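Summary of the model geometry
Below, each chain spelled out in residue letters.
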Amino acid sequence: MVDDEKGGRVREQGVGPTPTAPEGSLFAQLEGARPLRYNDPGDLPRDVPVHVQAGSAVRRWGGRLVVVQDDVHALAFVEPSGVVRPLALPAGADGRRTFGEALGNKQHKMDLEASVVLPDGRLVVFGSGSKPARERIVVVEPTMDVRVVDATAFYQTLHQCRAFSGSELNVEGAVCLDTVETGWLRLFQRGNGAPRNGIEPQNGIVDLALFAFVRWLDGGPLPMLEHATKIDLGEIGGVPLGFTDAALVPDGRIAFVAGAEDSPDTYADGEVVGCRVGFMSDRAVLACADIVDEQGVRSLLKLEGIEFVREVDGQMEFVVVADMDDPTVPATIATLRVRGPA
């Protein structure tokens, strides 16, 4: 084990053989895609768009779906009735809640990309960590009180764990496994960075003891990183696939979505050439499949969020959200149906 300069502890591990993503006999199809718009624009702060923008994660919390946005400091709550309501988060360094190249303030966004619900009922939303302003964690209490944690020291530990982060850190998914006392928080690294100093970008996963993460979140010492593992998800049309979100399913496996986006690094967007859904057990990928639309054509949506809904007659149903990479176009929410052995 080594100490980082800010007091964190990392259990060193060699990468070893890279678990790869085998092609399975899964079939995965999107259905019922619809845009996400707020039902009462009067509830919105003046600097938040009237539609959900840049959907980047989705989680069920208290009977509702919470959609995270990476370009807007606001959460979107989707009620079972379909009504969409906002929860404003603190503004960025320039006093705004909406960010982008055209506004000249993209560097100020928290770039929220992943979320989990803690066993104590709190919602935790993670910045990607790809830039200093993105080393933030948002904690939402069941009362809807919001706290933003400066997580610079925590993210520095992730940066330094190269078996997880590769050349550029970009946290895109998170799941809680089991209980606070005996469970783990697993983070998912998206390998869409640029090579740096001889280090290549990579997809990875890393675990933290859940009790240690919760203790740190409430003011305790930095948690230790464990079980860092590089994951090879393959490619589509020569473009590498990268994790974009993950969700726990009732039998203990993890479902994930991955996108093939032809971008030069973690900061810039690029053309999406395809996306896949897959399943993991422990730290091994069991199977994955290309996601197709209702016409059976490979979907080119930039799917960045997934949450389990139910399993019926051997078919799993998930809710997914897509970032349209256009601030004028609402994020899309859809049903993803997956069938076949995993």
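Before reading on, note that the structure itself is shown above.
Attention in this report is confined to the structure presented alongside it. (Residues numbered from 1 in each chain as written. Predicted model: local features only at pLDDT ≥ 70, side-chain atom pairs only at ≥ 80, totals over all residues. Heavy atoms only, no water.)

1. Details of the layout of surface pockets
Let me state the cut-off plainly: For cavity detection a 1 Å grid was placed over the protein atoms alone, and a set of points counts as a cavity when a 1.4 Å probe fits there but cannot get out; an open set counts as a pocket when protein lies on both sides within 12 Å along at least five of seven lines, with lining residues being those that have an atom within 4 Å of a point. Grid points are joined across faces, edges and corners, and a volume is the space filled by probe spheres set on the points. Polarity classes work like this: nonpolar for Ala, Val, Leu, Ile, Met, Phe, Trp, Tyr, Cys and Pro, charged for Asp, Glu, Lys and Arg, and polar for all others, with Gly in that last group.
Of the volumes computed, that of the largest pocket is approximately 460 Å³. Taken together, 33 residues make up the lining of the largest pocket; nearest its centre are D71, K106, K109, D269 and D325. Here the residues of the lining of the largest pocket are counted per class, giving 8 nonpolar, 8 polar and 17 charged.

2. Considering the side chain of S165
Where we set the bar: Each helix is a run of DSSP H or I of at least 4 residues and each strand a run of E of at least 2, with the numbering of both proceeding from the N terminus. Only protein chains enter the accessibility calculation, which uses a 1.4 Å probe; a residue whose area is less than 20% of its type maximum is buried, one above 50% is exposed, and one in between is partly exposed.
Position of S165 among the secondary structure elements: in helix 2 (residues 162-165). The class for S165 is buried, based on a relative accessible area of 1%.

3. A short note on the sheet that holds strand 11 (residues 146-150)
Note the threshold: Pairing between strands is defined by DSSP: at least two bridges between them are needed. Only C-alpha atoms enter the line fits that serve as axes; for helices the fit covers just the stretch in contact. Angles between N-to-C directions range over 0 to 180 degrees. Whether two residues are in contact is decided by their heavy atoms: any pair within 4.5 Å suffices.
Taking strand neighbours across the sheet as the criterion, the 4 strands line up as 8-9-10-11 in an open arrangement whose pairing is antiparallel. Edge positions in the sheet fall to strand 8 (112-117) and strand 11, since each has one partner strand and no second. The average angle at which neighbouring strand axes cross in this sheet is 20°, direction not considered. Relative to the sheet, helix 1 (residues 152-160) contacts strand 9 (123-127), strand 10 (136-140) and strand 11, its axis offset from that of strand 10 by approximately 125°.

4. Quick notes on the sheet that holds strand 5 (residues 64-69)
The 4 strands are arranged 4-5-6-7 in an open sheet whose pairing can be described as antiparallel. Each having just a single partner strand, strand 4 (55-61) and strand 7 (84-88) make up the two edges of the open sheet. The sheet shows a mean angle of 25° between the axes of neighbouring strands, taken without regard to direction. Across 3 bridges, strand 5 lies against strand 6 (residues 74-78) in antiparallel orientation.

5. What to know about empty space enclosed by the protein
The rolling of a water-molecule-sized probe over the atoms marks out the regions of remaining empty space. Inspection of every chain in the model, using the stated rule, returns 1 cavity of 30 Å³ or more. By volume, the largest cavity amounts to about 40 Å³. As for the largest cavity, its lining consists of R190, T244, G259, A260, E261, V272, K302 and L303. If one sorts the elements of the lining of the largest cavity by residue count, strand 18 (residues 254-262) sits on top with 3 residues. Tallied by class, residues from the lining of the largest cavity come to 3 nonpolar, 2 polar and 3 charged.

6. With respect to the pairing of strand 7
For a regular strand, the rule is simple: side chains alternate between the two faces of the sheet. Two strands pair when backbone bridges link them, and strand 6 and strand 7 are joined in this way by 5 bridges, in the antiparallel orientation. Across the sheet, the residue bridging to V78 is V84, located in strand 7. Between strand 6 and strand 7, which pair antiparallel in sequence order, lie 5 residues; one of them, G82, sits at a positive phi of approximately 100°.

7. Some details on the pattern of salt bridges
Here is the rule: Any carboxyl oxygen of Asp or Glu within 4 Å of a side-chain nitrogen of Lys or Arg constitutes a salt bridge here.
Here the structure, examined in full by the defined rule, presents 29 salt bridges. A salt bridge links E307 to R59; its shortest N-O distance comes to 3.1 Å. Of this pair, E307 sits in strand 21 (residues 303-312) while R59 sits in strand 4, and the two are 248 residues apart along the sequence. Taking relative accessible area as the criterion, E307 reaches 9% and is therefore assigned buried. A salt bridge links R186 to D207, with the shortest nitrogen-to-oxygen separation between them at 2.7 Å. On the criterion of sequence distance, the pair formed by R186 in strand 13 (residues 184-189) and D207 in strand 14 (residues 203-209) is long-range, its members being 21 residues apart. Across the pair, D207 and R186 agree in class, each one buried. It is possible to trace a salt-bridge network through shared partners that takes in E172, R190, E261, K302, E304 and D325.

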